Amino acid sequence: MSKIEKRKQLLLKLIREEKVMFWVGPRLSTEQGLVHPREMLRNMAECFLPQKKQYEDIVKKVSSRIQAEIFYEELLYLDTNAKQFDIFKLYSTSFLKKLNIPILYNKTHLFLIEYAFNAGIPIFTTNVDTLLEDACIELNYNYKVIILNEQFPKKLDISQYKEKQVIIVKLNGSINIKSNNTVDLNSLNLTFNELYKNNHRVAELLSNSLENLQSVFIGYQGMEIDNFPHLNDIFEKHHSLLDETKDANRYFWLDPVIETHSPLRQDFISSEKTTIINWLYAGAQKIPEHASKILKPTIHTKEKSFTIPTTIRKELGKIKIDILDKFYQKNNVTYYESLLLLLLVSKRISAYPSGYELSNQLLKDIHLLSPKKQAIFYNMRAAYLHNRGTFITFRKNIKQIIKLYKAHPDLYWFALKAKTSLAESSRMLYVNPGTLDGNYKMVSILIGAIFTILHFRYTSLIIKKYQKQLNNTSKLSIVETIVLRSFIEHDIRFYGMIQHIYIRKLRRKNKYLKKLLEKRWNEIEAISREKGYLGGIGNVQKYQVSLQGDKSLTQKEEGQHLFNFMTDQIGQEQINLNQSYNNQLVGNHLRAKKIAIEVYKNALKSQNNLNIIKALSNIVKCNEKLGVKPLLNSEQYKILKDTSTIIEGYIWKKKINKLIRNVQKSKNDIN
């Protein structure tokens, strides 16, 4: 008996013993004619992003790399309009039925419902369609749909549902068309924030459920992006991964998948290489057969064909084209609005060079945007300027938002966010380079630090009332969500600045300050989790790693994973910089140098001038300890000098010039 056959027999045995939990992915729905989530994203991108040839490459990159939830979040940020999501009606079987397109469940759906009903074990799905519910109706079973939102139960007693109803847990929400014929956005989890802020409850539920259950993944191709990065810990706890000798302790993966050598899969892996789905696929007991050949319902159903006839598929194709045409006509965004959306999403996939050039183009025609969209533009342009290290220009840019607010008081949320950015400009102009070296005794840095601390505390007093209001609000708008993130980042930057200034003392004798920082980091991480802010979790953890030093060189890997998950190149670089710094602390200079070189290469790609300088600074320090001369090679030295002409700010210039002198001296020593 082959290994595959043994796995099939083991799976069937576990099913008979009611010891499996099923996870249902998009393939089960797309086989029946529904749209795949990635296809839906491409359709949305085609509608809302500029289609001129000059933007073809970056638009293609966005469509293939960006998380759908990130794209939808930025789209809602520009305009919270349900009509923008009319195309999601293609997920509604009742809507398609009215157009004489009968989309039916298949026999695998029927099996899953029958099993869930008899075993009393919920079905987990990332699909938003209603095919599972339709199968319940076919079998005359009561069912309950649980959507991941504020009402998601903290505890779910599975036993109470045995032989009563089918429980369907819909992690991405469920399609619902309102009486006014628009998609109900509240029934869908369209953004990262909505998905992540409640999934600790899913994790708690799964942690209890998986104690005696095996997970079985159906309808996933190994390419989808799962929404729950921290489920890693749960699966690691309950399943022995990548151990071919313990198949019985590893989860199952049904259905053929796109092979690793496929160009499509390779492109996906290169851009999303650490997503949970790829990780799960790598560790699963793979059974490369269609689920319908293994999972067959025992209940006799009405005689009907579960395969979509070719004529219906052709008709469905025509309906899709017709709906898309109408959708494009109704959502005919202006050219400059489409450029603004491209500017927003370019940053989210770390396409900084393209995004910066795009911001320069859009700046010339900024007056053609509404005041709100102008505020969004200046805020995003500031993010690009920050990464380039042009802090004086960054500050001038932010002040444009304050100016807009004075003329348009309804932009008060944008003005509050701008105030946190102004405080950040003070930190970067007057404090940051000195704190990198721990050289807080210099008079200029001391004065700058005092001014910046006062600026941060003053800003904190201004935003305090609004921050409390947002913290206590369960359902936030996209704009409120983004503003709350800026408040969280403001706290992270302030305590990070304090930690940097006193970093050497913290690890030696200032136990009170260290405990205070540990407490604040835990509090900020908790609110970031509660509000679903992944960036906040990752940023907090990089400071927690730095605070603990050598004790945490292998801890807090979640932060690294989150930045990878969000395709946040800058966050990844910062996490690695901390690892390099911590390796220096314990005397592992070779390892520290290797990490710093990797950060340097990645920072060159993203054109993040700050991380280029930080990485080169770390390389210089490591080479000094290792006795390597010159301290930088010719290419690194040239990049350092070129970057020095771009960076703005007296203290940054001073730091870079000192680096250049040290490298030049090491070159002279050789000669």
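Our structure's up above, just so we're on the same page.
Computed from a predicted structure; not experimentally measured.

(A) Region of the structure containing the overall build of the protein chain. The helix and strand inventory of the protein chain stands at 31 helices and seven strands. Within the protein chain, the proportion of its 671 residues that are buried is 59%. Restricting to contacts in the protein chain with at least 6 residues of sequence separation, those with at least 24 account for 77%.

(B) Focus on the pattern of salt bridges. Scanning the entire structure with this criterion turns up 17 salt bridges. Ionic pairing is found between K8 and E289, a salt bridge with its closest N-O pair at 3.2 Å. Taken together, the positions of K8 in helix α1 (residues 3-16) and E289 in the loop between β7 (285-287) and α14 (310-330) put the pair 281 residues apart, joining distant regions of the chain. As a salt-bridge pair, K170 and E133 come within 2.9 Å of each other at their nearest N and O atoms. Of this pair, K170 sits in strand β4 (residues 166-170) while E133 sits in helix α8 (residues 131-138), and the two are 37 residues apart along the sequence. Per residue, the accessibility class of K170 equals that of E133, and both read buried.

(C) Seen up close, helix α4 (residues 56-65). Residues of α4 that are buried include every one of I58, V59, V62 and S63, and no others. Around the axis of α4, the buried residues are gathered within 135 degrees of arc, so they sit on the same side. Turned more than 90 degrees away from the buried face of α4, the exposed residues are D57 and K60. Against α3 (37-48), α5 (68-78), α15 (335-348) and α16 (352-363) lie the buried residues of α4.

(D) Structural context of the packing of α16 against helix α17 (residues 371-388). The geometry of α16 relative to α17 is characterised by a closest axis approach of 10 Å and an angle of 135 degrees between their N-to-C directions. With respect to α17, the element α16 is oriented oblique. Where α16 crosses over α17, the handedness of that crossing is left-handed. Residues Y352, G355, Y356, S359, N360, L362 and L363 of α16 form the contact with α17, whose participating residues are F377, Y378, R381, Y384, L385, N387 and R388. Within the contact of α16 with α17, the residues separate by chemical class into eight nonpolar, four polar and two charged.

(E) Examining the sheet that holds strand β5 (residues 214-218) more closely. Strand order across the open sheet formed by seven strands is β3-β4-β2-β1-β5-β6-β7, with parallel pairing between neighbours. Where the open sheet ends on each side, the last strands, each with one partner, are β3 (143-147) and β7. This sheet shows a mean twist of 20 degrees between the axes of neighbouring strands, independent of strand direction. Packing against the sheet, α1 makes contact with β1 (20-24), β5, β6 (252-254) and β7, and its axis sits at approximately 100 degrees to β7. Here helix α7 (residues 107-119) sits on the sheet and contacts β1, β2 (123-125), β4 and β5; the angle it forms with β1, its principal contact strand, is near 140 degrees.

(F) Looking closely at the environment of E39. Considering the arrangement of structural elements, one finds E39 in helix α3. On a C-alpha basis, the gap between E39 and S63 in space is 9.3 Å, while along the polypeptide they are 24 residues apart.

(G) Up close: the packing of aromatic side chains. This structure, assessed with the given rule, holds 24 aromatic pairs. Between the aromatic rings of Y77 and F414, the centroid separation amounts to 6.4 Å while the plane-to-plane angle is 20 degrees, which identifies the pairing as stacked. With a gap of 337 residues between them, Y77 in helix α5 and F414 in helix α19 (residues 412-430) connect regions that are remote in the sequence. Of the residues examined, F414 reaches a relative accessible area of 8% and is grouped as buried. Relative to Y336, the ring of Y335 lies with its centre 5.3 Å away and its plane at 70 degrees, an arrangement referred to as edge-to-face. Residue classification places Y335 among the partly exposed positions, given a relative accessible area of 28%. One cation-aromatic arrangement involves R388 over Y356; the distance from NZ or CZ to the ring centre is 4.1 Å. Positioned above the aromatic ring of F494, the side-chain terminus of R457 is 4.5 Å from the ring centre.

(H) Molecular detail of the side chain of R381. Here R381 shows up in helix α17. The buried charged residue R381 lacks any salt bridge partner; its closest oppositely charged side chain belongs to E357, at an N-O distance of 8.6 Å. Of note is the side chain of R381, whose polar atom sits 2.9 Å from the side chain of S359. Each residue touching R381, except ones within four places of it in the same chain, is listed here: Y356, S359, N360, L363 and N397.

(I) Structural view of unusual backbone geometry. With omega at -5 degrees, the peptide bond leading from K629 into P630 counts as cis. Its place among the elements puts P630 in the loop between α29 (609-626) and α30 (634-644). The phi torsion at E18 lies on the positive side, around 55 degrees, for a residue other than glycine. Taking the relative accessible area as the measure of exposure, E18 reaches 32% and is therefore partly exposed. The phi dihedral of N181 falls on the positive side, at around 65 degrees, and the residue is not glycine. Examined against the element boundaries, N181 turns out to sit in the loop between β4 and α9 (192-196). The exposure class of N181 is partly exposed, given its relative accessible area of 43%.

(J) The arrangement of the pairing of β4 in detail. Most of β4 sits out of view: five of its five residues are buried. The alternating pattern of β4 places V166, I168 and K170 and I167 and V169 on opposite faces, both of which are buried. One ladder, built from three bridges, connects β2 with β4; its direction is parallel. Note on β4: the bridge partner recorded for I123 is I168. In this sheet, β4 lies alongside β3 in parallel orientation, the contact comprising five bridges. Bridging from a neighbouring strand, I146 pairs with V169 of β4.

(K) Representation of the nonpolar core. F71, Y72 and F88 are the most contacted members of the largest nonpolar core, which totals 103 residues. By residue number, the principal contributor to this core is helix α22 (residues 478-501), which donates 13 residues. F88 has contacts with M40, M44, Y72, I175, V183, L188 and L190, leaving out every residue within four places of it along the chain. Judged by nonpolar contacts, the second largest core, of 46 residues, contains L28, L213, I287 and A291.

(L) Up close: the packing of α4 against α15. It is the contact of α4 with α15, at a shortest axis distance of 10 Å, that shows an interaxial angle of 55 degrees. One element, α4, and the other, α15, form an angle in the oblique class. In this structure, α4 meets α15 at a crossing whose hand is left-handed. Residues I58, V59 and V62 of α4 touch α15, and the partners they reach there are L342, V345 and S346. A class-by-class count of the residues in the contact of α4 with α15 yields five nonpolar, one polar and no charged.

Parameters at a glance
Residues numbered from 1 in each chain as written. Predicted model: local features only at pLDDT ≥ 70, side-chain atom pairs only at ≥ 80, totals over all residues. Heavy atoms only, no water. Helix = DSSP H or I, 4+ residues; strand = E, 2+ residues; numbered from the N terminus. Buried < 20%, exposed > 50% of the residue type's maximum accessible area, 1.4 Å probe, protein only. Contact = heavy atoms within 4.5 Å. Salt bridge = Lys/Arg side-chain N within 4 Å of Asp/Glu carboxyl O. Arc of directions from axis to C-beta. Axes fitted to C-alpha atoms, helices over the stretch in contact; angles between N-to-C directions. Parallel < 35°, antiparallel > 145°, perpendicular 65-115°, else oblique. Left-handed = near helix turned anticlockwise from the far one by under 90°. Nonpolar A, V, L, I, M, F, W, Y, C, P; charged D, E, K, R; others polar. Pairing = 2+ DSSP bridges. Phe/Tyr/Trp six-rings, centres within 6.5 Å; stacked < 30°, edge-to-face > 60°. Lys NZ or Arg CZ within 6 Å of the ring centre and 35° of its normal. Lys, Arg positive; Asp, Glu negative; His and termini not counted. Polar contact = N/O pair within 3.5 Å; in protein donor to acceptor, adjacent residues only side chain to side chain. Core = buried A, V, L, I, M, F, W, Y, C linked by side-chain atoms within 4.5 Å.

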